[in-house]
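# A closer look at the structure
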Amino acid sequence: MLGSFYNEIFINYKLDAESPEGKEFVKRHPIDGVPSFFYVDGNEQVIHKIVGARGVLEFLQEAEMVGTYKKYGGIEAMQKAVKDGTASKELLFDYYQTANAETKPLALNLYLKSLPTEELLDINNTLINNISIYDKDLMFRLADEIVKFSHTDKFSDKKFVSSFSFNIAFPVQYMVGYFLSQSINQGNEQWFNELLDLKERFNGYNGWLLDGDWKIQSGRGIFFATPEYIKLCYMAQNRVEEETFKTELVDYMSKLMNEKPLDSLWRSDERRALEFLKENGVKGHGPTANHIFSIGDITAHNILKWTNYYWKISPSNKKVKSQCAQWVNYAYYMNPYNSGVAVLAATWLARIGYEKDAIKILETAIQVQKDMKNDNPQLYRTLETNLRDVKNGKV
């Protein structure tokens, strides 16, 4: 099949690199390895070259690319235009389309930067969703243009706003959050602060900006958290700025617990879903149950992480113990249906001498699972084993 296809569109010719004719060809067109495949035009200008064996599908794909390369005088001329900054929007699009997996993310950024604002923010520009590598100029431009666009007359059309938010604004916001997470994990303070500035550019956006810190979701990312929350994540992850961290965590947790008391956290629709599970059980209702179990999960784990760091860098006195215990209890009772948080919180409390609180958490965790008719034996074994260990002082 491949041979027939190639014979229809190319004149195929094989050379032995060691033959006289082959040596002459190699002088004009050096090779980097064998086998090498050259796609040349009638003037013997190299349009494209690949080195190494390929499968049938790959050769078919290479054939499709040759036409694109020829349009711009060959792949080397195409790459030179990209490197020199003289490439047209059309060339950059073709460059993106033909790029390999390694260079495709960079090629995409170059193409998106070449677009006029109207095309860049077009709700049909699905390439926004494919951004995966940080480009400061592109991301800051997107943020500024999205904010500006959100104050135009088009934002009076609710249907359009919904499409724009989903197709353009959210993908950019999500990637800002993704890059923030990367900068936190890498401990790259300069990049982290730059990304906080980028997030701040969205403050004027006439659309959704915050989810509420206690409900940060993995599918949405930390873009939708407050800067205070994000800074605590950075300091705790990278063990930096101890005194600043302690001061800011105390202020943050005090504010969070005052503004978000436990009895105010759940929305009415979430309460209805919970009542449904209590009446019908979790069996056969996996998506609903998983949603209930995961509410507040990210923030609960972050509070436990922050508390652990705070404990390590603070004096071990009654005030600190009491403060830490209060935060850990809050982390669990935000969502008592999260058994994973229950085990972590109880273990931590038992270790600092708050066994009664730890026992109460585990007993509550067991009871709420029974209330929802959860028949998962492994879950009960885990909770009951931890409860027994706490009662026996084995934590």
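Shown above is the structure to which this text applies.
This is a predicted model, so every value here is computed, not measured. (Residues numbered from 1 in each chain as written. Predicted model: local features only at pLDDT ≥ 70, side-chain atom pairs only at ≥ 80, totals over all residues. Heavy atoms only, no water.)

On to the overall build of the protein chain, then. For the protein chain, the helix and strand inventory stands at 19 helices and two strands. Taken over the C-alpha atoms alone, the protein chain extends approximately 90 × 50 × 50 Å along its principal axes. Taking contacts inside the protein chain between residues at least 6 apart in sequence as the whole, the part at least 24 apart equals 58%. As displayed, the protein chain offers around 21,700 Å² of accessible surface, 51% of which is attributable to carbon and sulfur atoms. Across the protein chain, 47 positive and 51 negative side-chain charges occur, with their mean positions spaced 7 Å apart. (Helix = DSSP H or I, 4+ residues; strand = E, 2+ residues; numbered from the N terminus. Contact = heavy atoms within 4.5 Å. Areas by Shrake-Rupley, 256 points an atom, 1.4 Å probe, with all protein chains shown as cover. Lys, Arg positive; Asp, Glu negative; His and termini not counted. Charge placed at Lys NZ, Arg CZ, Asp CG, Glu CD.)

There is a patch of like negative charges on the surface, built from E189, E228, E241, E248 and D251. Here E241 shows up in the loop between helix 11 (227-238) and helix 12 (242-259). (Patch = residues over 30% accessible without salt bridge, like charges linked within 9 Å, V, L, I, M, F, W, Y side chains within 5 Å. Salt bridge = Lys/Arg side-chain N within 4 Å of Asp/Glu carboxyl O.)

Here the focus is the nonpolar core. Counting residues in hydrophobic clusters, the biggest one holds 125 residues, and the most contacted among them are M139, F202, F245 and W306. Looking at this core element by element, the count peaks at 11 residues for helix 9 (residues 158-186). Ignoring any residue separated from it by four or fewer positions in sequence, one finds F202 in contact with A143, I146, V147, V172, Q173, V176, L209 and F223. (Core = buried A, V, L, I, M, F, W, Y, C linked by side-chain atoms within 4.5 Å. Buried < 20%, exposed > 50% of the residue type's maximum accessible area, 1.4 Å probe, protein only.)

Attention now moves to the packing of helix 9 against helix 10 (residues 189-200). Running from N to C, helix 9 and helix 10 cross one another at 160°; their axes reach a closest spacing of 9 Å. One way to sum up the angle between helix 9 and helix 10 is to call them roughly antiparallel. The way helix 9 lies across helix 10 gives a crossing that is left-handed. Residue-level contacts link V176, F179, L180, Q182, S183, I184 and Q186 of helix 9 to W191, F192, L195, L196, L198 and K199 of helix 10. Broken down by class, the residue content of the contact of helix 9 with helix 10 amounts to nine nonpolar, three polar and one charged. (Axes fitted to C-alpha atoms, helices over the stretch in contact; angles between N-to-C directions. Parallel < 35°, antiparallel > 145°, perpendicular 65-115°, else oblique. Left-handed = near helix turned anticlockwise from the far one by under 90°. Nonpolar A, V, L, I, M, F, W, Y, C, P; charged D, E, K, R; others polar.)

A word on the pairing of strand 2 (residues 46-51). In the sheet, strand 1 (residues 36-40) pairs with strand 2 via five bridges, with the strands oriented antiparallel. Residue pairing in the sheet places F38 in a bridge with K49 of strand 2. Counting the residues in the hairpin turn of strand 1 and strand 2 gives five residues, including E44, whose phi is positive at 60°. (Pairing = 2+ DSSP bridges.)

Two quantities define a packed helix pair, namely the angle between the helix axes and the distance between the axes. Interhelical geometry of helix 13 (residues 268-280) versus helix 14 (residues 286-294) gives an angle of 125° and a closest axis separation of 10 Å. With respect to helix 14, the axis of helix 13 lies oblique. Two packed elements cross with a definite hand, and for helix 13 against helix 14 that hand is left-handed. Packed against helix 13, whose contacting residues are E270, A273, L274 and L277, the element helix 14 presents T288, A289, H291 and I292 at the interface. Classifying every residue of the contact of helix 13 with helix 14 gives five nonpolar, two polar and one charged.

Here we come to the pattern of salt bridges. Under the counting rule described, the total for this entry stands at 14 salt bridges. As a salt-bridge pair, K113 and D135 come within 3.0 Å of each other at their nearest N and O atoms. Taken as a pair, K113 in helix 6 (residues 104-114) and D135 in the loop between helix 7 (117-120) and helix 8 (136-149) lie far apart in primary sequence, 22 residues in all. When its relative accessible area of 32% is taken as the criterion, K113 is described as partly exposed. For D135, a relative accessible area of 17% translates into the label buried.

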